[in-house]
Amino acid sequence: MAKTNPFTFIQQVRSETAKVTWPTRKETGVTTLMVFIMVFLAAMFFLAADQLMSWGISLVLGF
């Protein structure tokens with residue numbers, strides 16, 4: 001594989017970066033909000049699952 005000089009490499013990187021479709025500010029905000037909502041829902045699910053398992057184990061072991 002042939003080595004490219006740094007100048008050519010930078011030109012190739014800039015060319016590829018120009019092809020990227022970047023999200024708008026609104027799309028980034030909506031996506032961030034959706035991530036926070038999903039994290040909250042997952043946290044609530046695992047909290048409920050943990051409490052249920054804790055209750056079940058204490059019931060079985062008689063604590």
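From a predicted model like this one, the values you see are computed outputs, not experimental measurements.

Cut-off values and rules
Residues numbered from 1 in each chain as written. Predicted model: local features only at pLDDT ≥ 70, side-chain atom pairs only at ≥ 80, totals over all residues. Heavy atoms only, no water. Salt bridge = Lys/Arg side-chain N within 4 Å of Asp/Glu carboxyl O. Buried < 20%, exposed > 50% of the residue type's maximum accessible area, 1.4 Å probe, protein only. Helix = DSSP H or I, 4+ residues; strand = E, 2+ residues; numbered from the N terminus. Expected span 1.5 Å × (residues − 1). Phe/Tyr/Trp six-rings, centres within 6.5 Å; stacked < 30°, edge-to-face > 60°. UniProt positions renumbered as here; feature names shortened; annotations may be inferred.

A. Looking closely at the pattern of salt bridges. Following the criterion strictly, the structure yields 1 salt bridge and no others. Between Lys19 and Glu16 there is a salt bridge whose closest N-O contact spans 3.2 Å. Taking relative accessible area as the criterion, Glu16 reaches 47% and is therefore assigned partly exposed.

B. Structural detail: helix α2 (residues 25-61). For α2, which comprises 37 residues, the first-to-last C-alpha distance of 54 Å matches the rise-based estimate of 54 Å (1.5 Å per residue) to within 8%. Of the residues one or two after α2, Gly62 is the one with positive phi, at around 80 degrees.

C. Region of the structure containing the packing of aromatic side chains. Per the stated rule, a full pass over the model turns up 1 aromatic pair. With centroids separated by 5.2 Å and ring planes inclined at 70 degrees, the aromatic side chains of Phe45 and Phe46 adopt a geometry described as edge-to-face. Comparing Phe45 with Phe46 shows no difference in burial state: the two are exposed.

D. Seen up close, the UniProt feature "transmembrane region" (unreviewed entry) in the protein. On the UniProt side, "transmembrane region" (unreviewed entry) is annotated at positions that read residues 29-49 here. As annotated, residues 29-49 has a helix share of 100% and a strand share of 0%, and its two end C-alpha atoms lie 30 Å apart.

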